[in-house]
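# Geometric and topological summary
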Amino acid sequence: GDMKKAHIILSSLNYTPEEIDYAGIDAVNYQGVGHPHGHVQIKTGDSVLDMGSGLGVDSLIATNAVGPEGKVVGVDISHECVQHANRRANERGLAEYLRFVQSPIESIGEKL
């Protein structure tokens, strides 16, 4: 991945330097279309549900705000994206409060 390109793209979408730094190498996996973190005030201990989480970059960034006292769940229809995102959560030591579930959004209640 190209971190310089990822930084330019995420900056253009108003991600903060701190958010981009926290995403680290995972920033190259960004698949979104905007900056959802700019629309909410996620606090320590909050629970976050990321619908259409893709490879998990926004979910990952949310873990920095919720901390170990909170929980982040990403949902995506793609089995491959969910596998990748769960692997990265494990590798980053975040699996205690960050997980990804493969499901169509319409039936997520059955998976949670």
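For the structure, see preceding data.
Residues numbered from 1 in each chain as written. Predicted model: local features only at pLDDT ≥ 70, side-chain atom pairs only at ≥ 80, totals over all residues. Heavy atoms only, no water.

## A closer look at the overall build of the chain
Stated formally: Only DSSP runs of H or I reaching four residues or more are called helices, and only runs of E reaching two or more are called strands; each is numbered from the N terminus. Throughout, exposure labels follow a simple rule: accessible area from a 1.4 Å probe, protein chains only, divided by the maximum for the residue type, with under 20% read as buried, over 50% as exposed, and the rest as partly exposed.
Helix and strand content of the chain: 4 helices and 3 strands. Secondary structure elements in the chain, listed N-terminal to C-terminal, are α-α-β-α-β-α-β. Projected onto its principal axes, the C-alpha coordinates of the chain cover approximately 40 × 30 × 25 Å. In the chain, which comprises 112 residues, the proportion classed as buried is 40%.

## Describing the pairing of strand β2 (residues 71-76)
Where we set the bar: Any two strands with at least two DSSP bridges between them are considered paired. With strands facing away from the observer, any crossover in which the path from the first strand over the helix to the second runs clockwise is taken as right-handed.
By the criterion of burial, β2 is predominantly enclosed, with 5 of the 6 residues buried. Here strand β1 (residues 47-51) pairs with β2 via 5 bridges, running parallel. Looking at β2, one finds that Leu49 is bridged to Val73. Assessed by its sense of winding, the connection that carries the chain from β1 through helix α3 (residues 57-66) to β2 is right-handed. By the bridge criterion, 5 bridges tie β2 to strand β3 (residues 98-102) in an arrangement that is parallel. Bridge pairing links Val73 to Arg99 in β3.

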